[in-house]
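Residues per chain are reported as follows:
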Amino acid sequence: MRYTLVFTTLLSLCLPVTIATDPRYCQNKTVLDGADFTLEESADNAHLPVLSKYFESKGKIANISTVLQSANRALSKGSPSVGNGSPSEAWAWNSGDDATATWVPQGITGSGDALNTGTWDGHDAWVVSWYRSGESVRLSFIDRATHNYRHVMLVNPTADDNFTAIAIHAGGIMWYGNVLFVVDTHNGIRAFDLDNIWEVEIADGVGKTTDGGYSADQYRYVLPQIRNYQWTPGSASPFRFSWISLDRSDSPDTLMVGEFVSAGETFDDAANTPVPIRYVKYDLDYATRKLKTSGGIASASWAYCVDIPNVQGAVSYDGEFYISRSTGKAPKQGDLFTWEEGQTATEHTGWFMAGNEDLSYNLVHKEYYTVTEYAGDRYILAYKV
């Protein structure tokens, strides 16, 4: 089946004034002006250097290699349920992570995003995000050589001597050098400092303990937030930061974000105006590992309206897009769309097993990856391009 990537034409007379006049919306348009999609870069977290000095004084600053080498769990070769695509690899979580209803996997990235060599400090690795609804986010750092992994909690330094858990959906992640970018659905993008992984006590609670140490709900390591990129147009012109990916074929490299919108979803207005579905790219600074900004504002370099609902992730390279759409639990299956800008999209129905989520692309391996979310049927899946 083929889909033309043109958003549904809307009659401007039926639109609420705020939607009809907002240049970010898709009525009668496919290509949008990136200058209208802006993010404000925050100052770096002032508490992070102070906390970092404390952990350094205790010999408790770790790096990614340390986390991978201390892995305490293991993936196993899996046999995923039916899907029309043929994964080159399928890896299942350990029984506890596969079955838990407390944590749900969402985003995936890897060392292929981190560096164009495809490895980081000699490691070929994946990173997967999980959310615990309304409470916290953890990451799984996975060594592809051993398929062993370890969980690390995301935290936000809130004082010179404390940090808290981060309660977001973490629907997509992207590793770029020493920074991990994580989408924050209604607010923008958060950035985390991979040079500052802190080892904490194995104890309950998150943050400073009564004995003056630190803990993270029984996890050994935490990864602190260093800055964020706040959506500046505000609630009157919302954007859903549902997933994220890297495109190293652009010059400079770009970070792409997109929106999950359910099929048939409309605004709460008299005209039942369809909610737009947009993909947006921001230029990256390779030297600083930040978004390129002017006066502290990052403006998109590309923005497009895409009429495919229920998208959980997408990647692009050399003008070709791979798009992951979910359709619900088994026996339903997820769909893959391939698209080149200005062309029509081709739907590969039932390509993924149920629960397909975010996508990540590895140029070195010529592979793309996804992770599935439903308890009892959770896998990391790799597909050759």
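Now for a quick tour of the structure. What you see is a predicted model, and the numbers here were worked out from it, not measured in a lab.

Further remarks concern the overall build of the chain. Each helix and strand counted, the chain has five helices and 32 strands in total. Its C-alpha atoms give the chain a radius of gyration of 20 Å, within 12% of the compact-globule value 21 Å for 385 residues. Structurally, the chain occupies a C-alpha span of about 65 × 50 × 40 Å along its principal axes. Buried residues in the chain amount to 56% of all 385 residues. A separation threshold of at least 6 residues defines the contact pool for the chain, and within that pool the share at least 24 residues apart is 61%. Each charge class in the chain was averaged separately, 29 positive and 46 negative side chains, and the resulting centres sit 3 Å apart.

We now examine the packing of aromatic side chains. Across all of its chains, the model carries 29 aromatic pairs by this definition. An angle of 15° between the planes, with centres 4.8 Å apart, marks the rings of Phe55 and Trp198 as stacked. Linking Phe55 in helix H2 (residues 47–57) with Trp198 in strand E16 (residues 197–199), this pair joins segments that are 143 residues apart in sequence. For the residue pair Phe55 and Trp198, the accessibility class agrees, reading buried in each case. With a centroid separation of 5.7 Å and 25° between ring planes, the pair formed by Trp302 and Phe321 is classed as stacked. You can see Trp302 sitting in strand E25 (residues 302–305) and its partner Phe321 sitting in strand E27 (residues 320–325), a full 19 residues away along the chain.

With that out of the way, let us pick up the state of the cysteines. One pass over the full model with this rule turns up one disulfide. Across a sulfur-sulfur distance of 2.0 Å, Cys26 and Cys305 are joined as a disulfide pair. Taking the sign of the S-S torsion, -90° for the link of Cys26 and Cys305, the bridge is left-handed. Of this pair, Cys26 sits in the loop between helix H1 (17–20) and strand E2 (31–32) while Cys305 sits in strand E25, placing them 279 residues apart in sequence. With respect to class, Cys26 is no different from Cys305; both count as buried.

Further remarks concern the sheet that holds strand E30 (residues 356–362). The five strands are arranged E6-E7-E32-E31-E30 in an open sheet whose pairing can be described as antiparallel. Each edge of the sheet is formed by a strand with only one pairing partner; in this case those strands are strand E6 (76–77) and E30. Summarising the sheet, strand E7 (residues 89–92) and strand E32 (residues 379–384) pair through four bridges and their orientation is antiparallel. Looking at the pairing, Ala90 lines up with Leu381 of E32.

A few words on the nonpolar core. Counting residues in each nonpolar core, the largest one holds 54 residues, and the members touching the most others are Phe181, Leu255, Val257 and Tyr282. In terms of residue count, the dominant contributor to this core is strand E19 (residues 221–231) (four residues). The contact partners of Phe181, leaving out residues within four places of it in the chain, are Gly172, Ile173, Met174, Tyr176, Ile189, Arg190, Ala191, Tyr229, Ile244, Leu255, Leu284 and Arg289. Counting residues in hydrophobic clusters, the runner-up holds 25 residues, among them Ile64, Trp120, Leu180 and Ile197.

Turning to the pattern of salt bridges, a few remarks are in order. Taken as a whole and judged by the stated rule, the model has 21 salt bridges. For Lys281, the salt bridge is made with Asp247, and the minimal N-O distance between the two is 3.0 Å. With a gap of 34 residues between them, Lys281 in strand E22 (residues 278–285) and Asp247 in strand E20 (residues 243–247) connect regions that are remote in the sequence. Given the relative accessible area of 6%, Lys281 is considered buried. Close ionic contact of Asp253 with Arg248 constitutes a salt bridge, the shortest N to O distance being 4.0 Å. The same class applies to Asp253 as to Arg248, namely buried.

Bringing H2 into the picture now. Turning to H2, its buried residues are Leu48, Leu51, Ser52 and Phe55. Across the axial projection of H2, the buried residues extend over an arc of 105°, all falling on one side. Structural note: H2 exposes Lys53 and Ser57 on the side pointing more than 90 degrees away from its buried face. Among the residues trailing H2, Gly59 stands out with phi positive, at a value near 70°.

Before going further, it helps to spend a moment on unusual backbone geometry. Backbone torsion omega between Ser251 and Pro252 reads 0°, so that peptide bond is classified as cis. Look at the link from Ala330 to Pro331: it is a cis peptide, with omega at 15°. Turning to its location among the elements, Pro331 is positioned in the loop between E27 and strand E28 (334–340). Unlike most non-glycine residues, Gln218 shows phi in positive territory, near 80°. As for its placement among the helices and strands, Gln218 is situated in the loop between strand E18 (214–216) and E19.

Counting buried positions along strand E8 (residues 104–110) gives seven out of seven residues, so the element sits mostly inside the fold. In the sheet, E8 pairs with strand E9 (residues 125–132) via five bridges, with the strands oriented antiparallel. Pairing of Gly110 across the sheet is with Trp126, part of E9.

Criteria and cut-off values
Residues numbered from 1 in each chain as written. Predicted model: local features only at pLDDT ≥ 70, side-chain atom pairs only at ≥ 80, totals over all residues. Heavy atoms only, no water. Helix = DSSP H or I, 4+ residues; strand = E, 2+ residues; numbered from the N terminus. Rg over C-alpha atoms; globule rule 2.2 N^0.38 Å. Buried < 20%, exposed > 50% of the residue type's maximum accessible area, 1.4 Å probe, protein only. Contact = heavy atoms within 4.5 Å. Lys, Arg positive; Asp, Glu negative; His and termini not counted. Charge placed at Lys NZ, Arg CZ, Asp CG, Glu CD. Phe/Tyr/Trp six-rings, centres within 6.5 Å; stacked < 30°, edge-to-face > 60°. Disulfide = S-S within 2.5 Å. Pairing = 2+ DSSP bridges. Core = buried A, V, L, I, M, F, W, Y, C linked by side-chain atoms within 4.5 Å. Salt bridge = Lys/Arg side-chain N within 4 Å of Asp/Glu carboxyl O. Arc of directions from axis to C-beta.

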